[in-house]
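Below are the chains, spelled out letter by letter.
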Amino acid sequence: MKKRSLSKDAQLIFSFITNCKQLTQKDDEAMLKYLEKHRTLITIILIAILLAAFVFLPVHVQLSSTVILLIGIGMAIILIFEKHRRTYYQSESTREKMLRNFSLDVIGLLLALAAAILAGGRAGGWAGAQAGLWAGLLEGFVIGFLAAWIVRALWGRVVRALA
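In short, a report on the structure. (Residues numbered from 1 in each chain as written. Predicted model: local features only at pLDDT ≥ 70, side-chain atom pairs only at ≥ 80, totals over all residues. Heavy atoms only, no water.)

Glancing now at the packing of aromatic side chains. This model, assessed by the stated rule, comprises two aromatic pairs. Ring centres of F81 and F102 lie 5.5 Å apart, and the angle between their planes is 85°; this geometry places the pair in the edge-to-face category. Placement of F81 in helix α3 (residues 61–89) and of F102 in helix α4 (residues 95–131) is noted, with a sequence separation of 21 residues between them. Taking relative accessible area as the criterion, F81 reaches 34% and is therefore assigned partly exposed. Relative to Y89, the ring of Y88 has its centre 5.4 Å away and its plane inclined at 55°; by these criteria the two rings are tilted. Here Y88 falls in the partly exposed class, since its relative accessible area comes to 23%. (Phe/Tyr/Trp six-rings, centres within 6.5 Å; stacked < 30°, edge-to-face > 60°. Helix = DSSP H or I, 4+ residues; strand = E, 2+ residues; numbered from the N terminus. Buried < 20%, exposed > 50% of the residue type's maximum accessible area, 1.4 Å probe, protein only.)

This part covers the side chain of E82. Along the chain, E82 turns up in helix α3. In this structure E82 touches L32 and E36, once residues within four positions along its chain are discounted. (Contact = heavy atoms within 4.5 Å.)

This is how it looks when you write it as structure tokens:
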């Protein structure tokens, strides 16, 4: 039988996959430390991209906001998991306690996000209809932030009561 050779593209893809599998834990920790160190800057950049898309490409705002929202949620979940994984590997908690705390933190994040979306969306829509587009955006951001902050604080009390 004739031996089949892979195309150059397939060889590159195969080597990329095998190299990705060989990442060490140091590389993973370096990436997470980078995310933790620069998460505020990353968030500001993502919001700036969203506002720029709103001004310059209004047709693509829904798609870009969905992508930015998913990136932000994914980054938050990764950082939450890493926080609880560290305490687990330092033998400060059991696996069940780690999973419970991770689940409670993710539920709190999603509740705060839902409160921000609902309250900020309604307040921004009302203010936008009354006073214009930029007033609606500003009020939506402020009310959304306050709603998320209040829900997160209340959820923190619930979690402490469960502990």
